[in-house]
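So the chains spell out like this:
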Amino acid sequence: GYLDCGQPAGEASLIQVVRGKPYTFPGTTGPAGTVLFDEKAVEFRADKLDPRKRYALGFSWWDQNSDGRVESVLVTGPDHRPRTLIEKRALSGQVATQAAALPAESYADGKLRIAFANEANVPNAVVSEIWLWEMAADAKLPASLSEHVAAELEAYDPIGRLKRRTDPEGTT
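Attention here is on the structure that accompanies the text.

Reading the values: rules and limits
Residues numbered from 1 in each chain as written. Predicted model: local features only at pLDDT ≥ 70, side-chain atom pairs only at ≥ 80, totals over all residues. Heavy atoms only, no water. Buried < 20%, exposed > 50% of the residue type's maximum accessible area, 1.4 Å probe, protein only. Helix = DSSP H or I, 4+ residues; strand = E, 2+ residues; numbered from the N terminus. Pairing = 2+ DSSP bridges. Axes fitted to C-alpha atoms, helices over the stretch in contact; angles between N-to-C directions. Phe/Tyr/Trp six-rings, centres within 6.5 Å; stacked < 30°, edge-to-face > 60°. Polar contact = N/O pair within 3.5 Å; in protein donor to acceptor, adjacent residues only side chain to side chain. Contact = heavy atoms within 4.5 Å. Salt bridge = Lys/Arg side-chain N within 4 Å of Asp/Glu carboxyl O.

### Some details on the pairing of strand S5 (residues 41-46)
- Of all six residues making up S5, five are buried, and the element is well covered by its neighbours.
- Pairing analysis gives four bridges linking strand S2 (residues 15-19) to S5, with the strands arranged antiparallel. Within the sheet, the bridge partner assigned to Arg19 lies in S5 and is Glu43.
- With six bridges joining them, S5 and strand S10 (residues 112-118) adopt antiparallel strand pairing. Bridge pairing links Val42 to Phe116 in S10.

What follows is the structure, given as structure tokens:
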């Protein structure tokens, strides 16, 4: 599942917005130029995960207007215990793409809550894009999700499966 955070999520979307307002940074275009924002935390839910499978959370974020944003990414499952995926990361003025494997406990009942928490004394937490990948049992996330690593998602799969990674030379 994929969500451009500046666009409304359809009812059938795997990822639903719980908390956050859309905003477009002036002079920007495309998914990176739109964000969801909130003073405390931007929050999402995904209610159709298979507890027997492995998933990764991917997202893009940036501090477009250099406000000094620092954010943590937390996931919460049926035990209501938040688990920190990324702790107090300073956002840069360039779009950054991140990914982290989800702990199975965070979706043990097939439901997951995701929060991008504001950890600085600045107006808002922001996130530009968010997606979930279904991972094979032996799959590993790339060390870096830069422009040199492309992930192809199978469109027929509402979750999205990490199908192939390509390097700059085009080998798989």
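Additional details are given in the paragraphs that follow.
### Structural notes on the sheet that holds strand S4 (residues 34-38)
- Spatial strand order, S3-S4-S11: three strands in an open sheet with antiparallel pairing. Every other strand in the sheet has two partners, leaving strand S3 (21-24) and strand S11 (125-127) as the edge strands with one partner each. Strand after strand, the sheet turns through a mean of 35° between neighbouring axes, direction not considered.
- Bridge count between S4 and S11: three bridges; the pairing is antiparallel.

### A word on the packing of aromatic side chains
- Following the criterion strictly, the structure yields 10 aromatic pairs and no others.
- Taking 5.5 Å as the distance between ring centres and 85° as the angle between the ring planes, the aromatic pair formed by Tyr23 and Phe25 counts as edge-to-face.
- By relative accessible area, which is 3% here, Phe25 ends up buried.
- Through successive ring pairs, a cluster of aromatic residues spans Tyr23, Phe25, Phe37 and Trp62.

### Let's talk about the sheet that holds S5
- Reading across from one edge, S2-S5-S10-S7-S8 is the order of the five strands in this open sheet, with antiparallel pairing throughout. A single partner strand is all that each edge strand has here, and the edge strands are S2 and strand S8 (83-90). Taking each pair of neighbouring strands and ignoring which way they run, the sheet shows an average axis angle of 20°.

### A closer look at the side chain of Asn124
- Position of Asn124 relative to the elements: it lies in the loop between S10 and S11.
- A distance of 3.3 Å separates a polar atom in the side chain of Asn124 from the backbone nitrogen of Glu39.
- Excluding residues that lie within four positions of it along the chain, Asn124 makes contacts with Phe37, Asp38, Glu39, Arg69 and Asn118.

### Concerning unusual backbone geometry
- Even without a glycine there, the phi angle at Ser66 is positive, about 50°.
- Inspection of the secondary structure assignment puts Ser66 in the loop between strand S6 (54-61) and strand S7 (70-76).
- Owing to a relative accessible area of 61%, Ser66 belongs among the exposed residues under this scheme.
- A positive phi angle is found at His80, which is not glycine, with a value near 60°.
- Position of His80 among the secondary structure elements: in the loop between S7 and S8.
- On the basis of relative accessible area, His80 is assigned to the exposed category, the value being 66%.

### Some words on the side chain of Glu43
- Among the secondary structure elements, Glu43 is positioned in strand S5.
- Reaching out from Glu43, the side chain makes a polar contact with the side chain of Arg113 at a distance of 3.4 Å.
- Once you skip the residues sitting within four places of it in the chain, Glu43 turns out to touch Gln16, Val17, Val18, Arg19, Arg113, Ile114 and Ala115.

### Some remarks on the pattern of salt bridges
- What the rule picks out here adds up to nine salt bridges.
- As a salt-bridge pair, Arg113 and Glu43 come within 3.4 Å of each other at their nearest N and O atoms. Taken together, the positions of Arg113 in strand S10 and Glu43 in strand S5 put the pair 70 residues apart, joining distant regions of the chain.
- For Arg69, the salt bridge is made with Asp63, and the minimal N-O distance between the two is 2.6 Å. Accessibility assignment for this pair places Arg69 and Asp63 in one class, buried.
- By sharing partners, the salt bridges in this structure join Asp63, Asp67 and Arg69 into a single network.

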